[in-house]
Structure formats: C-alpha cells, structure tokens
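# Survey of secondary and tertiary structure
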Amino acid sequence: MKLFFLGDIIGKPGRDIIGNKLKDFRKERPIDLVIANAENAAGGSGITVGIFRELLSYGIDCITLGDHAYKQKEIIPILNTDHRIVRPGNYPDGAPGRGWTVVATAAGVKVAVISLIGRTFMKPVDCPLHRADAILAQIAESEPEIRIIFVDFHAEATSDKQLIGRYLDGRVSAVLGTHTHVATADEQIFPGGTAFQCDVGMCGPFNSIIGRRYDRVLEHSLTFKPSMFDVARGETRINGTEVEIDPETGRATGIERVVITDFD
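The structure contained in this document is the topic of the report that follows. (Residues numbered from 1 in each chain as written. Predicted model: local features only at pLDDT ≥ 70, side-chain atom pairs only at ≥ 80, totals over all residues. Heavy atoms only, no water.)

Let us look at the environment of E187. Inspection of the secondary structure puts E187 in the loop between β9 (174-178) and β10 (188-189). Exposure remark for E187: the relative accessible area of 25% places this residue in the partly exposed category. For E187 and K73, which are 114 residues apart along the polypeptide, the C-alpha to C-alpha distance reads 35 Å. If near-sequence neighbours (up to four positions away) are discounted, E187 is found in contact with F196, Q197, I255 and R257. Polar side-chain contacts of E187 include one of 2.8 Å to the side chain of R257. (Helix = DSSP H or I, 4+ residues; strand = E, 2+ residues; numbered from the N terminus. Buried < 20%, exposed > 50% of the residue type's maximum accessible area, 1.4 Å probe, protein only. Contact = heavy atoms within 4.5 Å. Polar contact = N/O pair within 3.5 Å; in protein donor to acceptor, adjacent residues only side chain to side chain.)

Moving on to the nonpolar core. When a protein is soluble and globular, its nonpolar side chains tend to lie buried together. Ranked by internal contacts, the top residues of the largest apolar core, which has 37 residues, are L6, I47, L55 and I60. Those elements that provide at least two residues to this core are β1 (2-6), α1 (11-28), β3 (33-37), α2 (49-57), α3 (76-81) and β14 (252-261). The leading source of residues in this core is α2, at 5 residues. W100, V151, L168 and V172 belong to the second largest nonpolar core, which has 21 residues in total. (Core = buried A, V, L, I, M, F, W, Y, C linked by side-chain atoms within 4.5 Å.)

Glancing now at the environment of P124. Turning to its location among the elements, P124 is positioned in the loop between β7 (110-117) and α4 (128-142). When its relative accessible area of 80% is taken as the criterion, P124 is described as exposed. When the C-alpha positions of P124 and Y70 are compared, they lie 16 Å apart, and in sequence the two are 54 residues distant.

With that settled, the discussion passes to the pattern of salt bridges. Overall, the coordinates contain 18 salt bridges when judged by the stated rule. Two residues, R29 and E242, come together in a salt bridge whose shortest N-O distance is 2.8 Å. Of the two residues, R29 is situated in the loop between α1 and β3 and E242 in strand β13 (residues 236-245); the sequence distance between them amounts to 213 residues. Since its relative accessible area comes to 6%, E242 is described here as buried. Here R216 ties to D230 by a salt bridge, and the two come within 2.6 Å at their closest N and O atoms. One end of the pair, R216, is in helix α6 (residues 214-223); the other, D230, is in the loop between α6 and β13, with 14 residues separating them in the sequence. Under the relative-accessibility criterion, D230 is labelled partly exposed at 28%. Salt bridges sharing common partners tie together K2, R29, E242 and E256. (Salt bridge = Lys/Arg side-chain N within 4 Å of Asp/Glu carboxyl O.)

Counting buried positions over the 10 residues of β13 gives 8, a clear majority of the element. Relative to β13, β1 runs antiparallel, the two being bridged by 5 bridges. Looking at the pairing, F5 lines up with T241 of β13. Note that strand β12 (residues 202-205) and β13 share 3 bridges and pair antiparallel. Note on β13: the bridge partner recorded for P205 is T236. As paired elements, β13 and β14 share 9 bridges and run antiparallel to each other. The residue of β14 that forms the bridge with E244 is G254. (Pairing = 2+ DSSP bridges.)

Structure representation (structure tokens):
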C-alpha cells in the first residue's frame, strides 16, 4: 500500500494548494492513505473546527498536530471526540485529545498513527522514546492485528529525529519528521524496514521564511521592533513524502520525496 504524508500546512495558501492538487494526485499515483500535519493551518498557528473539516474534504484521512495543537481552543472538543486527529502522544496524561489513533484505507487495511514531539529547544514534555514504547504496547494489546504503524515526530533537532528513527527501526513502518518546514534530503529505509526522513517540509508559500513574510521577519531581526509574522503569499508548494509499505509485514519497501507546485 502507498501512504502519503504532507508536511506542515501553512495557513490558507497551504490549504488552497492541497484543495487544488491533492485529489488528482491521489488518483494518479494512486495513494491509499493521506496523513497531514496541520498544526499551522489556521493563519499559521493552530487549527479550527472548520479547517479540520475542510482538510478532510480535500482527501486527507488523518491529521497530526504539534506544539501549536491548542492555539485555537475551539478544536479541543474535536480532539476528544474525532479519531481522525491526534495531538502529541507525549503530552502529559490528561491533556485533551489522543496521542495515537487507528484509521483504515478504503480496502479496510488498518493503520495506527502516532504523533510525538521533541524536547530539544522546545517545551518540556515526557520522553518521546519511553512514550513511544508505551504507545506501541497499547497498540499491540488493543489492536494486535495492525501491522502498519506511522509516526510523525515533530521536533527541532535533526539528531533527535535520527535517534528516534533508529530506536523504532523494525517496530514501526515509518518515522517522518515535521516542525522545521524545510524538507531534508535524507529519506531512506533503515535495516529493520522503517522508512525515515528528518523533515518532509511544508505545504504553503515558498517565497517566505518557513511560511512567513520575509520582510516582516527581517524587520524584526534587524530592529527587534514587534512585527506580525503574517503568512506569506505568492508561489505555493506541497512538500510531502510517499512511503510504500508491505501490508503483510508492515515493513517499508520504498520512500520518495514529493514536490507539487502551482504549475504542476
């Protein structure tokens, strides 16, 4: 089966290009399941109920979040009730929402989706390595038939991402990184059969500073004057990664970076 993971969706430009391009892409490849990180989908920070439903209508099957999970408070009830959206699984016990979920392809193949967040240069959270162990044990107990397990690791440090990828090699189908908004060229399949990439990039305005207007970011950097880091406009791109997985074993058999532009 083929799984397509979209990098951080940045505001309306990111949503628009997905709305214009994703359904055709799913037909052309074809893709069995689409997962997207959408923690920046609402004006560059957080996600609303309306945007959640909008993204699902474009052909996204499951949404992961990161450190901006709760920036739009209206999403919290959805986090508690809808299995198609997950917040970081190593948030404290009692945090709204779920840290892992199960979605199914049109053919009925079940896929476990886990969201985890890093600790380097980010807010203190539980150890992602230990929490990954706990979540995998929960999946094995409650959904023992599941072979395909996907992990979105939302983190700053590439070393942290590489470490958890190696740690989970052979136990999950893919560990793909988000948060830095810049795609890395290190896609690979580890010896145990886990597909890995430090960061899949972002879906949004390309002529920007990680999705924001570069003039606003530059002004603040030069003068320290407060400046609104508005979402940029202009050319947009989809950055994503496609992973081919053997549904019998859960092992990845292929990985490919994907870039879709306004002009494709």
